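Observations on chain architecture
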Amino acid sequence: MKAPVRVAVTGAAGQIGYALLFRIAAGDMLGPDQPVILHLLEITPALPALQGVVMELNDCAFPLLAGVVATDDVNVAFKDVDYALLVGARPRGPGMERKDLLEANGAIFAPQGKALNDHAKRDVRVLVVGNPANTNSLIAQQNAPDLDPKCFTAMVRLDHNRALSQLAEKTGKHTTDIKKVTIWGNHSSTQYPDLHHAVVGGKPALSLVDQTWYEKDFIPTVQQRGAAIIKARGASSAASAASAAIDHMRTWALGTAEGDWVSMGIPSDGSYGIQPGVIYGYPVTVKNGKYEIVQGLEINDFSRARMDATDKELREERAGVEHLFAK
Ligand code: NDP
């Protein structure tokens, strides 16, 4: 058995937290030979609820759970952590302006970035789930000047999984038959789910479906899936979001399958014409714990326009939070 690693989860008493912690403790994220110590952060009023979650975690008697730290102090939560899943965020309330939302999240993610900078392991892997995830990740990154900027990522894996699921249903195949789907850009309705390089059972995906379905059905369904789930369930997706967070971290820790890639929100580096300065969804492969952008994909005019539109939205979000960056 390996030595335990420390995994921080913020918003740990929330809906996604409740669907996430038990699977991390069961070994779904880092493997059946990797013990974990969970570091759970909540705001002070949620600490009693968090205590209940801790009691349930203990009552599962998970063989891989080597300890639990429950706190409302960000410096305690991020002390020596190897992984950090930043789930807690300020949801947009009724009548809330975009500016207010960005400010409220700045107040959460700037101190969290600083605390990671001061206390986390130097190779910490940070995944931001709380929305607006890409820009919250950027705020945290920009407040952590001593950490490698590549430590900070955002979740587009749920969109990636939703794309696999839609395409599998349409083609009558299983999601495991599908490879090389990409989600470009922001985890928002401007994201671009790209099937131009995807293959289903070894055949090009776009040779199996018609262009009208791709443009008018598939893309909007993936983009608006979150809203459809709220309508059907009366609550936002939680288990699928938690599952995607597990997938994102497992891939980052254990690597991608040969001949396939996944989508991750990562710092743009100029690849595919997306200038540095935003956290952008890219196709990546992972080996030995390091992710790399898949290079050399052909981008047609249809894709270019959509990749630039989601980039534009991210630059606008960035402009609204730049005053929160550490000088
Ligand atoms: P959830 O656990 O349902 O959601 C948490 C965040 O994940 C939200 O920002 C939500 O965005 C986001 N999210 C990203 N992708 C998805 C998706 N596909 N489906 C649903 N949500 C998604 O929220 P709860 O309100 O149940 O729990 C939040 C918890 O966080 C609370 O317990 C609160 O106390 C805590 N919190 C903790 C903080 C901290 O630790 N410092 C700070 C702020 C809050 P969206 O709003 O767009 O759905």
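As a reminder, the structure under discussion sits directly above these lines.
The notes below deal with the structure included here. All of these numbers come straight from a predicted model, not from anything done at the bench.

1. Considerations on the sheet that holds strand S10 (residues 199-200)
One open sheet accounts for 3 strands, arranged S7-S10-S11; its pairing is antiparallel. Across the chains shown, the open sheet's two edge strands, defined by having one partner strand only, are strand S7 (178-179) and strand S11 (203-204). Relative to S10, S7 runs antiparallel, the two sharing 2 bridges. Considered in S10, the bridge of Lys 179 is made with Val 199.

2. Quick look at the pattern of salt bridges
Applying the stated rule across the entire model yields 11 salt bridges. Between Lys 2 and Asp 33 there is a salt bridge, with the nearest N and O atoms lying 3.7 Å from each other. Residue Lys 2 is found in the segment before strand S1 (5-10), and its partner Asp 33 is found in the loop between helix H1 (15-26) and strand S2 (36-41); the two are separated by 31 residues along the sequence. Relative accessible area serves as the criterion here: at 40%, Lys 2 is assigned to the partly exposed category. Among the ionic pairs, Glu 215 bridges to Lys 216, the shortest N-O distance being 3.9 Å.

3. Details of the packing of aromatic side chains
Overall, the coordinates contain 9 aromatic pairs when judged by the stated rule. Ring centres of Tyr 18 and Phe 22 lie 5.4 Å apart, and the angle between their planes is 70°; on these two criteria the pair is classed as edge-to-face. With Tyr 18 and Phe 22 both in helix H1 and 4 residues apart, this pair spans about one turn of that helix. Owing to a relative accessible area of 41%, Tyr 18 belongs among the partly exposed residues under this scheme. In this structure Phe 22 comes out as buried when scored by relative accessible area, which is 15%. Ring pairing ties together the aromatic residues Tyr 192, Trp 213, Tyr 214, Phe 218 and Phe 302, which thus form one cluster. Between the NZ or CZ atom of Arg 306 and the centre of the ring of Phe 302, over which it lies, the distance is 3.6 Å.

4. Here's the deal with the environment of Asn 288
Locating Asn 288 in the fold gives a position in the loop between strand S13 (279-287) and strand S14 (290-293). Sequence spacing of Asn 288 and Ala 242 is 46 residues, and the spatial spacing of their C-alpha atoms is 24 Å.

5. Quick look at the side chain of Thr 182
For Thr 182, the position within the fold is in strand S8 (residues 182-184). Judged by relative accessible area, Thr 182 falls into the buried class, the value being 0%. There is a polar contact of 3.1 Å between the side chain of Thr 182 and the side chain of Trp 261. When neighbours within four sequence positions are excluded, Thr 182 is seen to be in contact with Tyr 192, Pro 193, Asp 194, Trp 261, Ser 263, Tyr 282 and Pro 283.

6. Observations regarding the pairing of S14
What you see with S14 is a clean split: Tyr 291 and Ile 293 sit on the buried side and Lys 290 and Glu 292 on the side with no burial. Here S13 folds back onto S14 in antiparallel fashion, the turn holding 2 residues, of which Asn 288 has a positive phi close to 50°.

7. Points about the layout of surface pockets
Considered as a void within the structure, the second largest pocket measures approximately 500 Å³ in volume. In this structure, the second largest pocket is lined by 23 residues; those nearest its centre are Arg 157, His 160, Asn 161, Leu 164 and Thr 175. Going through the elements one at a time, helix H6 (157-171), S7, helix H8 (225-233) and helix H9 (239-254) are the ones with two or more residues in the lining of the second largest pocket.

Conventions adopted
Residues numbered from 1 in each chain as written. Predicted model: local features only at pLDDT ≥ 70, side-chain atom pairs only at ≥ 80, totals over all residues. Heavy atoms only, no water. Pairing = 2+ DSSP bridges. Helix = DSSP H or I, 4+ residues; strand = E, 2+ residues; numbered from the N terminus. Salt bridge = Lys/Arg side-chain N within 4 Å of Asp/Glu carboxyl O. Buried < 20%, exposed > 50% of the residue type's maximum accessible area, 1.4 Å probe, protein only. Phe/Tyr/Trp six-rings, centres within 6.5 Å; stacked < 30°, edge-to-face > 60°. Lys NZ or Arg CZ within 6 Å of the ring centre and 35° of its normal. Polar contact = N/O pair within 3.5 Å; in protein donor to acceptor, adjacent residues only side chain to side chain. Contact = heavy atoms within 4.5 Å. 1 Å grid on protein atoms, 1.4 Å probe; cavity = no way out; pocket = protein on both sides within 12 Å on 5 of 7 lines; lining within 4 Å. Points joined across faces, edges and corners; volume = space filled by probe spheres on them.

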